[in-house]
Amino acid sequence: MTSKSLQLLSGLKTDLTNLSNEAKKKFPTVKEAVDKCLGRIKELEEQKGFQDEQRLEAISTSEDILRPFLLSCDSKNPKMTILAVNTIHKLTVHNAIALTSMSEIIQKFSTLAPTAEEPIQLKVLQGLLALVSTQTIHGKDLSLIIITCFRLQGNRVASVNNTAAATMRQLVTILFDRASMEYRYIPEEDKKKRALEVDDSKETIVPKTLYPSASDAYLLILDICNLTGGDPPIWLIGLDSYSKPFGLELIDSVLVSHTHIFTEIPEFGILLKDRVCPLIIKTYKLQTDFPCIIRLVRILHSFIKNFHASFESESEVFLSKLMKMLDPHNPLWMQTLSLEVLKSLCENTSVMKSLFQSYDMAHDHKTGKIFKLVVEAIGQFADSMFNWESLVISRQNLAKPRYLDLTHAVEPAVVNESYVVCVVIDCLIGITNAIAKTTESGATNEDDRKLAVAMITSSSQVLLSSFSLLLEKATDEPIIQDLLKAYFTLINCCATLGQSGPRDELLNSLCKFTTPRNNDISTPLTSKNVFAMKTLLNIAHERGNVLNEGWAVVLETFRQLDRILNTPHKLQLSTGLQVENVAENLNIPSPASLDLLFKSSKTLDNSALVFLMSALRKISTDAIQQPGQNRVLFGAGKMVETAKFNVHRIGIFWEIVLDHFTLLINNKDPNIRNFGADALTQVIALALAKKGSAHPEELSPEMKERNDVVPGERTALDMQTEFLETLETLAKSQFPEVREKSLQTLYQILQSTGQDLTKAWPLVLSLIMTTAVNGDRHHIPIAFKSAQLICSDFLSNLAVDCLALYIHTAGCYGIQTADLNISLTAINLLMGIADFIATQTPVSKDSPRDVITNDPQSLSFAPLWASVFGEMKLLGSDARYEVRNCASQTLFKTITTHGGLLKDPTWQVCVENIMFPLLDAVRASVSSASDEEIGEDSENFRMLVHHTRNTASKQWHESLVLTLSGVVRVFKTYFFILKTLPNFEENWRKLWEQMVISATQPVAEISISAIGLMQELLLAHGSNPQFSKTLWDISWNHVEKMSLVIMEKGSTIPPQTLNALAKSLPILYEKFQPQFTSEDWRRLLRILRPLLLYPPEIEGQISFIQESVMSLLKSMPIQDEIFPAVMVELLSYISFSIGYTYKNKITEEPSYGYSLTKSYLPLAIPMVLQVENLFKDATPKLKTLVFEDVITVLGAAMMTKFSSYNSHLWIDSVENFIRVVTVGLDPISASEFSDLKFNLIWTELVDSIEGFIFQVERRNVPMGTPEIVKRDENLDVALVRLLAREMITKSEKVPLMHERMIDVLLEGTKLANQNREVVSEASYNNLFALASVDPNLPGDIDFKMKIAKMACPKMMHRCREVLVQFIEADRESGSLPVARSL
């Protein structure tokens, strides 16, 4: 590949050849130089080992190569000159010209250019530019180049003029680029040093501190200013012609492209201040032609834009100049130029910020409020535009170029007024955007934030006024949209910065454009209305976070829009023509758009949401105070929607919602009131249902990123208490529908989120309970559904204290009287609670009945048992028959089911505070219950009942039976657990007392049940070894007490009760008699006594219970130790039956007796036989013990002959008396009784026989048949015989009784005159036997002789009396027979 240097040489050879051909003979010098040059080129081509750099350097240092071309420049031959200039340019581009040759070349070009032809001038300009571009040229050479270019720029030939101008611009750029590059490489220390030395160099034209390139640039700008201002040049000496517009243009280009030089290099800054600025001011005053003005305005623009911060005073002056150009007396094109500059500045945020900081926020008060002045100037101009005739605000058909770009024009173009309006709009929008960007940076920079606030304060009024006027007049949709966008931007800024005043004013202004005039819904909408609606919606959607109090204005407009959008209407385009069916084209917001707005509220931050809700509250409050309006509840309805979409952070606006809906709920209008109740309860239910957190799809990306967590923010679950307090308040409302809604909402809450409730449970339960206590028939079922749901699903969620409260709540529903079924179901709830508590009570794995007593959970749940039982106890004494019976059954079923889990303290409470008090309460109610029949007209009538339950008392009887049965069942089932309680014996005693009281009731149902329970309880545990003697005694003592009470109450005790007892006692006897002690037997006798003596139902007949008792007595195994007691009891029965007062001499127990009643005589008969049987089989010792009492009672029983002759008792008594005496006298005689005792016994015997045989006063014996008479005589004879043959013969130890017994026999002999000849005869016979010492009589001979000696005289005396009486009677009777009764 050919190197660049060889290519250059080849091109030179061609150029030289052409030049040689042109020179020929006319220019021999040139010809000669050409030849010489060609020779040198050949040498260079033939030179081997040269690199390009070496060869180029050889070319540049060779005078022969450049010489022909320089000579050609002086030839004045156009072709040769062009060829020479072109070749020099080529060498320059290849850097093949030595610096030493530069001055000569520049001089040649400078001389050649002014007079040369156009092509040569163009080539010269091209060559000069190449020289400056490729070589470092300074001083006079550079100034000569610039002078040459300036001169050519003044050429009348357009191409030369334009090329020279372009070359000059490039030269200026090159010079300043080199100055900038030069300054860049200066060490920082030198820069600082030079900055300090700047002042010392002011006296020189060019500061000494400047480096060469900088000096060149400095001198260039200095002379441009001199020449433009009409002053002679300092550096460009000799430049006699100069275009001022072009000079201004160069100054502008430098200021634009090399701003940093003037700000970084102090010398240039001074130059700018001292020369450029005065030039601008001078030119502004003197020039009025368009080319200069337009370039001057451009310089002003560049200066203000680039140097306002460094040259504040100058910038202030220049801005003032620009604003003066807006004066109405200035031509419109000048105003337009000023507006375009202001537009450019306004659209530059950094410039606007800097201007405001430098001037408006300056604290030295030396500068004016430039920013404010600029805004006001633009605003004033905008106002003035509305004075123009036929003003049309439109961007349509507007040319795009700016007037500032018309630098080629000599005269100003015609200005389109619409364009001016658009520029004004752009200025205002630019200011708005500048404020917006400052506001945006203010989010992270406090200084910028303060700056933005101040900018808004200074400009908001003007901007608002201008935007409002412009939007009012605008008909062009693009402009309308631009203005509305500016509204949006400015409102956003005000809202973001908290500038409530400007924000609300802007919102108010914008809102006016959203609806037809006067909010007349019959007026068609315009496209402007539609766009304004969209803008307002966008503001609410996108910038709702910063609207704050502005929400009130926005929402009030939305309320009007809602009314309008829900009204059929036509649309009107901006032209004013009504057009139908253009809704789709204009995309009119629909009611759904408003709904979407409130749905998007979930993207608002917390404070914005609060402002939104507050504004809605205000709108709703205002609306309800103006009746008659449509959709008066718009605000309240949107509050509900907003709350639904933001339930995950309801805590931040809850107070607002609560306050407003409470106001609605208390409104007199039922529709508003119902709406308020529905809304508030819906919000609460939804908040808790969503568990206080938003679903991921409902969150914006920003919210997802930060997870919407704000320190201190409360979720719905955190506010459970407040929500439920609200429902509780609603439940106390004076309006039934509000109360009903609160209860329905509570049920919904429990269904949806009951498992998440924690702190709110006490309030939930309180609300439900309060309804039960104070609610009416309609509300109680609603609340009870919640109570049921809690029991079925949420018991495990309740803490112990809440469980206790729930137990009480269930009890309250049992007590309420509005609904019987609810009361019954509430009892089942209590049982369900008990089952739950049981599942929470840990038990031992080894023994399921052993509760782990040291388990904390077990300890915490222990008190709940008492609560459950306590509520059931209260219900167990309820006035309603069905409720109390159900409660009682449930109570005891629960206790028996879970009793194994109860600890001793709980058992003690259960027994002493639950079961016995319940029993007492039921018993008290039984006593006070009415006997009035419950019929359909009765207050207590609920359903048809059986006649056995048709009175309150009968129903209470059943309740008492159920209650007592339950208590006994508990004691029976958990006897061994209860036995360990400290007060068990006392409780056992209470239980038996209750059974005794019940068993002795005059109501068969109660008493029979009690007797059965006694039997059941004793059979269950009476034979158990752990059944202590104390418990045994308590039990049987109460059985004894029962029998005594039965006897005392007499006929009030139903026969069924006695029959039940009669059936029960043998069963108990059969079960326990093997383990009876003597004391038990005695107690049994005491138990049987009243039962045996209970009056029979039919007089003269033995009752069933008497038969049972007698049967039991007969079956008793009589042991020696109880024989006396049994005998005393039998004798007592006989005494009671015959009305004899028996004085017990056998035992220490007091005897008892009653007046004779024929009803009991049949009872005595078997007793007499039983006595004889027992006595017969008794030991001698026992016989001697009971003998006296037996003969005494039997003797008394014999006497019933004279009161109840028809009874067989006296007969049996006589017979058994004879038998007892017969078998008893021997052990009596053999006993060691005292003489007194013997005498007492024999006295009793004699008295009994004497009284029976010789009874006179009480004789009431009817005449019977011969057989009966004979029977009676035989009994008397048997007694006489007993006296003579048994008593007298065995009375050795009672000598005092011998004579009396003989006397009795003697008296017996006298009974013949009483028609008792048989008895009299028997008496005579026995006396004769005694007197004759009959060998058949028992006893030894001596005793019999002793008796005979006593009887014989008496007998003889009696015989004498009889004979004397006979003789005398015979004498007196005459022939009649003597009477047999002697």
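These numbers were taken from a predicted model, which means no experiment stands behind them. (Residues numbered from 1 in each chain as written. Predicted model: local features only at pLDDT ≥ 70, side-chain atom pairs only at ≥ 80, totals over all residues. Heavy atoms only, no water.)

## Digging into the overall build of the chain
Then, in step 1: Looking only at helices and strands, one finds 58 helices and three strands in the chain.
Then, in step 2: Looking at the chain as a whole, 55% of its 1382 residues qualify as buried.
Then, in step 3: Within the chain, contacts between residues at least 6 apart in sequence are counted, and of these 72% link residues at least 24 apart.
Then, in step 4: Accessible area of the chain: about 60,000 Å², with a carbon and sulfur share of 52%. (Helix = DSSP H or I, 4+ residues; strand = E, 2+ residues; numbered from the N terminus. Buried < 20%, exposed > 50% of the residue type's maximum accessible area, 1.4 Å probe, protein only. Contact = heavy atoms within 4.5 Å. Areas by Shrake-Rupley, 256 points an atom, 1.4 Å probe, with all protein chains shown as cover.)

## Brief notes about the environment of Ser-354
Then, in step 1: With respect to the element layout, Ser-354 can be found in helix 18 (residues 349–360).
Then, in step 2: Given a relative accessible area of 12%, Ser-354 falls into the buried group.
Then, in step 3: In this structure, the C-alpha to C-alpha distance between Ser-354 and Ala-309, residues 45 residues apart in sequence, is 6.7 Å.
Then, in step 4: Apart from residues no more than four positions distant in its own chain, Ser-354 is found in contact with His-308 and Ala-309.

## Overview of unusual backbone geometry
Then, in step 1: A positive phi angle, close to 50 degrees, is found at Asn-548, a residue other than glycine.
Then, in step 2: Its location among the elements puts Asn-548 in the loop between helix 24 (527–543) and helix 25 (551–565).

## Here's the deal with the side chain of Asp-878
Then, in step 1: Within the secondary structure, Asp-878 is located in the loop between helix 39 (856–876) and helix 40 (881–898).
Then, in step 2: Judged by its relative accessible area of 10%, Asp-878 falls in the buried class.
Then, in step 3: A polar contact is formed between the side chain of Asp-878 and the backbone nitrogen of Arg-880, at a distance of 2.8 Å.
Then, in step 4: Here Asp-878 is in contact with Gly-814, Ile-815, Val-883, Arg-884 and Trp-956, once residues within four sequence places are set aside. (Polar contact = N/O pair within 3.5 Å; in protein donor to acceptor, adjacent residues only side chain to side chain.)

## As for the pattern of salt bridges
Then, in step 1: Evaluated as defined, the whole model comprises 35 salt bridges.
Then, in step 2: Between Lys-1029 and Asp-1033 there is a salt bridge, and its shortest N-O distance comes to 2.7 Å. With a gap of four residues between them, Lys-1029 and Asp-1033 both fall in helix 46 (residues 1029–1049), about one helical turn apart.
Then, in step 3: Across the pair Asp-1303 and Lys-1354 runs a salt bridge whose closest N-O atoms are separated by 3.3 Å. Separated by 51 residues along the polypeptide, Asp-1303 in helix 56 (residues 1298–1309) and Lys-1354 in helix 58 (residues 1341–1373) bring together distant segments of the chain.
Then, in step 4: Owing to a relative accessible area of 28%, Asp-1303 belongs among the partly exposed residues under this scheme.
Then, in step 5: Within the structure, one salt-bridge network assembled from shared partners comprises Lys-1029, Asp-1033, Asp-1080 and Arg-1083. (Salt bridge = Lys/Arg side-chain N within 4 Å of Asp/Glu carboxyl O.)

## Examining the packing of aromatic side chains
Then, in step 1: Applying the stated criterion across every chain yields a total of 40 aromatic pairs.
Then, in step 2: Ring centres of Tyr-218 and Phe-268 lie 5.8 Å apart, and the angle between their planes is 80 degrees; this geometry places the pair in the edge-to-face category. Of this pair, Tyr-218 sits in helix 11 (residues 212–228) while Phe-268 is found in helix 14 (residues 266–286), placing the two residues 50 residues apart along the sequence.
Then, in step 3: Sitting over the ring of Phe-735, Arg-673 keeps its end group 3.9 Å from the ring centre.
Then, in step 4: One Lys or Arg, Lys-1237, reaches over the ring of Phe-1233 and ends 5.7 Å from the middle of that ring. (Phe/Tyr/Trp six-rings, centres within 6.5 Å; stacked < 30°, edge-to-face > 60°. Lys NZ or Arg CZ within 6 Å of the ring centre and 35° of its normal.)

## Looking at the packing of helix 25 against helix 28 (residues 606–624)
Then, in step 1: Across the interface, helix 25 lies against helix 28 with an axial gap of 9 Å and an inter-helix angle of 50 degrees. Taken together, the axes of helix 25 and helix 28 are oblique relative to one another. Of the two elements, helix 25 crosses helix 28, and the hand of that crossing is right-handed. Within the contact between the two elements, helix 25 uses Trp-551, Ala-552, Leu-555, Glu-556 and Arg-559 and helix 28 uses Ala-608, Phe-611, Leu-612, Ala-615, Leu-616 and Ile-619.
Then, in step 2: Per-class residue counts for the contact of helix 25 with helix 28 are nine nonpolar, no polar and two charged. (Axes fitted to C-alpha atoms, helices over the stretch in contact; angles between N-to-C directions. Parallel < 35°, antiparallel > 145°, perpendicular 65-115°, else oblique. Left-handed = near helix turned anticlockwise from the far one by under 90°. Nonpolar A, V, L, I, M, F, W, Y, C, P; charged D, E, K, R; others polar.)

## Considerations on the nonpolar core
Then, in step 1: Counting 457 residues, the largest nonpolar core has Phe-268, Phe-558, Ile-790, Phe-971 and Met-1287 as its most contacted members.
Then, in step 2: By residue number, the principal contributor to this core is helix 20 (residues 417–441), which donates 14 residues.
Then, in step 3: Dropping the residues within four chain positions of it, Phe-971 is found in contact with Val-911, Met-915, Phe-916, Leu-978, Phe-984, Asn-987, Trp-988, Leu-991, Leu-1017 and His-1021. (Core = buried A, V, L, I, M, F, W, Y, C linked by side-chain atoms within 4.5 Å.)

## Some details on helix 48 (residues 1078–1092)
Then, in step 1: With 15 residues, helix 48 extends 20 Å from end C-alpha to end C-alpha; this agrees with the ideal 21 Å at 1.5 Å per step.
Then, in step 2: Helix 48 sits mainly inside the fold: twelve of its 15 residues count as buried.
Then, in step 3: Taken together, the buried positions of helix 48 are Asp-1080, Trp-1081, Arg-1083, Leu-1084, Leu-1085, Arg-1086, Ile-1087, Leu-1088, Arg-1089, Pro-1090, Leu-1091 and Leu-1092.
Then, in step 4: On its buried side, helix 48 packs onto helix 46, helix 47 (1055–1072), helix 49 (1104–1115), helix 50 (1123–1138) and helix 51 (1161–1177). (Expected span 1.5 Å × (residues − 1).)

## As for the confidence of the model for the chain
Then, in step 1: Scored by pLDDT, the chain has a mean of 79; 85% of the residues are at 70 or more.
Then, in step 2: Below a pLDDT of 50 lies the segment residues 702–711, which in the model reaches eleven contacts outside its immediate sequence neighbourhood of four places, other chains included.
Then, in step 3: Overall, residues 845–854 carries pLDDT values under 50, and its contacts beyond four positions in sequence, including any with other chains, amount to 21 contacts. (pLDDT = per-residue confidence, 0-100.)

## Some remarks on the state of the cysteines
Then, in step 1: All chains considered together, the criterion is met by zero disulfides.
Then, in step 2: Of all cysteine sulfurs, the one in Cys-277 lies closest to Cys-225, which takes part in no disulfide; the gap is 9.4 Å.
Then, in step 3: Since its relative accessible area comes to 3%, Cys-225 is described here as buried.
Then, in step 4: With no disulfide of its own, Cys-493 has Cys-494 as its nearest cysteine by sulfur position, at a separation of 6.8 Å.
Then, in step 5: When its relative accessible area of 1% is taken as the criterion, Cys-493 is described as buried. (Disulfide = S-S within 2.5 Å.)

## Considerations on the packing of helix 5 (residues 78–93) against helix 6 (residues 102–112)
Then, in step 1: The interhelical angle for the contact between helix 5 and helix 6, taken along N-to-C directions, is 140 degrees, at an axis separation of 12 Å. Taken together, the axes of helix 5 and helix 6 are oblique relative to one another. Once helix 5 is placed against helix 6, the crossing between them reads as left-handed. Together, Thr-81, Val-85 and Ile-88 of helix 5 and Ile-105, Phe-109 and Leu-112 of helix 6 make up the contact between the two elements.

## Notes on the environment of Pro-1096
Then, in step 1: Locating Pro-1096 in the fold gives a position in the loop between helix 48 and helix 49.
Then, in step 2: A relative accessible area of 10% places Pro-1096 in the buried class.
Then, in step 3: Counting along the chain gives 45 residues from Pro-1096 to Ser-1051, while the straight-line C-alpha distance between them is 9.3 Å.

## A closer look at the environment of Lys-108
Then, in step 1: One can find Lys-108 in helix 6.
Then, in step 2: Taking the C-alpha atoms as reference, Lys-108 lies 6.8 Å from Cys-73; in sequence the two are 35 residues apart.
Then, in step 3: Once residues within four sequence positions are removed from consideration, Lys-108 is found in contact with Leu-70, Cys-73 and Asp-74.

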